[in-house]
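Listed here are the chains, written in short residue letters.
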Amino acid sequence: AQSVTQLGSHVSVSEGALVLLRCNYSSSVPPYLFWYVQYPNQGLQLLLKYTTGATLVKGINGFEAEFKKSETSFHLTKPSAHMSDAAEYFCAVSEAGRRALTFGSGTRLQVQP
Amino acid sequence: NAGVMQNPRHLVRRRGQEARLRCSPMKGHSHVYWYRQLPEEGLKFMVYLQKENIIDESGMPKERFSAEFPKEGPSILRIQQVVRGDSAAYFCASSGGEGNEQYFGPGTRLTVT
């Protein structure tokens with residue numbers, strides 16, 4: 001069975017600072033990996049995804065993530081935080097051939113002025 | 001191109017009543033997924049459907065919950081005899097025939113009083 005662990009349920013950064021949100025997964029087969037963002041009272045929006053190929057994936061709003069198989073990690077980063085980045089971020093995994101997504105418990109990002 | 005639509009956005013039911021949640025996938029998408037988000041938790045997969053077929057219902061509670069995706073019309077998630085523990089946000093997602101990228105609707109927030 002696959003699982004997703006997001007370290008840190010709350011992360012606070014200053015505007016302009018580096019954003020690092022951690023995600024580790026366990027999967028018995030090579031996974032597909034995703035990061036979603038959720039703004040209050042809204043649905044989830046896909047930030048980026050990894051399926052195959054290049055391990056550094058660039059997404060929307062300046063976010064990127066790197067798939068590290070040896071560390072079973074898919075951490076999300078952004079060089080410079082903006083106030084509008086304040087939201088909840090979810091890492092998710094699916095196994096090739098199975099469409100159901102398994103989500104982590106989420107990390108709430110606060111951006112301080 | 002309209003996104004995934006869900007209605008109602010908010011639903012209040014008394015214990016023992018039935019709740020019907022509707023989801024219209026994105027245009028051209030024939031795969032629908034339902035997820036449940038309990039307060040302060042990540043999303044949990046419930047069921048995956050294609051037109052007129054349930055493909056994966058491994059996350060559905062064994063009793064009171066059912067889902068359908070008829071040939072015509074929206075997908076319906078039905079909860080019979082609701083209990084307070086059913087209070088949650090229910091999200092629908094859809095995808096096309098290729099890839100695992102799922103697009104989420106805004107969710108239906110069910111409150112059971």
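Residues numbered from 1 in each chain as written. Chains lettered and ligands numbered in written order. Predicted model: local features only at pLDDT ≥ 70, side-chain atom pairs only at ≥ 80, totals over all residues. Heavy atoms only, no water.

K.L.:
Report on the overall build of chain B, specifying residues and quantitative values.
P.N.:
Per the secondary structure count, chain B includes zero helices and eleven strands. Its C-alpha atoms give chain B a radius of gyration of 13 Å, within 12% of the compact-globule value 13 Å for 113 residues. In terms of overall dimensions, chain B has a C-alpha envelope of 40 × 25 × 25 Å along the principal axes. Within chain B, the fraction of its 113 residues that count as buried is 46%. Across chain B, the fraction of contacts at a sequence separation of at least 24, relative to all contacts at a separation of at least 6, is 52%. About 5800 Å² of surface is accessible on chain B, with carbon and sulfur atoms providing 45% of the total. (Helix = DSSP H or I, 4+ residues; strand = E, 2+ residues; numbered from the N terminus. Rg over C-alpha atoms; globule rule 2.2 N^0.38 Å. Buried < 20%, exposed > 50% of the residue type's maximum accessible area, 1.4 Å probe, protein only. Contact = heavy atoms within 4.5 Å. Areas by Shrake-Rupley, 256 points an atom, 1.4 Å probe, with all protein chains shown as cover.)

K.L.:
Can you explain the interface of chain B and chain A? Please cite residues and give values.
P.N.:
Quite often, the size of an interface is put as the accessible area lost when its parts meet. Listed as interface residues are 26 residues of chain B and, on the opposing side, 21 residues of chain A. For the pair chain B and chain A, the two sides together bury roughly 1700 Å², of which 47% comes from carbon and sulfur. The tally of links from chain B across to chain A stands at one salt bridge. At the boundary of chain B and chain A, one finds eight residue pairs in polar contact (both at pLDDT 80 or more). Among the elements of the structure, β4 (31-37), β5 (43-50) and β9 (88-95) of chain B are those that each provide at least two residues to the side of chain B that touches chain A. It is β4(B) that contributes the most residues to the side of chain B that touches chain A, four residues altogether. Its residues assigned to classes, the side of chain B that touches chain A shows eight nonpolar, eleven polar and seven charged. (Buried area = accessible area lost by both parts, 1.4 Å probe. Salt bridge = Lys/Arg side-chain N within 4 Å of Asp/Glu carboxyl O. Polar contact = N/O pair within 3.5 Å; in protein donor to acceptor, adjacent residues only side chain to side chain. Nonpolar A, V, L, I, M, F, W, Y, C, P; charged D, E, K, R; others polar.)

K.L.:
Which residues make up the packing of aromatic side chains, and what values go with them?
P.N.:
Residues and elements named next belong to chain A. Applying the stated criterion to the full structure yields twelve aromatic pairs over all chains. For the pair Phe63 and Tyr89, a centre-to-centre distance of 5.5 Å together with 45 degrees between the ring planes defines the contact as tilted. A residue pair is termed long-range when its members are at least 10 positions apart, and Phe63 in the loop between β7 (56-58) and β8 (64-68) and Tyr89 in strand β10 (residues 87-95) qualify at 26 residues. Residue classification places Phe63 among the buried positions, given a relative accessible area of 1%. (Phe/Tyr/Trp six-rings, centres within 6.5 Å; stacked < 30°, edge-to-face > 60°.)

K.L.:
Go over the nonpolar core with me, naming the residues and quoting the values.
P.N.:
One finds A:Trp35, A:Leu47, A:Leu48, A:Phe74, A:Leu76 and A:Tyr89 to be the most contacted residues of the largest nonpolar core, which totals 26 residues. Secondary-structure elements contributing two or more residues to this core are β2 (10-14), β3 (19-21), β5 (31-38), β6 (44-50), β8, β9 (73-78), β10 and β12 (107-112) of chain A. Sorting elements by how many residues they give to this core places β10(A) first, with four residues. Listed in part, the 23 residues of the second largest apolar core include B:Cys23, B:Ala67, B:Ala88 and B:Val112. (Core = buried A, V, L, I, M, F, W, Y, C linked by side-chain atoms within 4.5 Å.)

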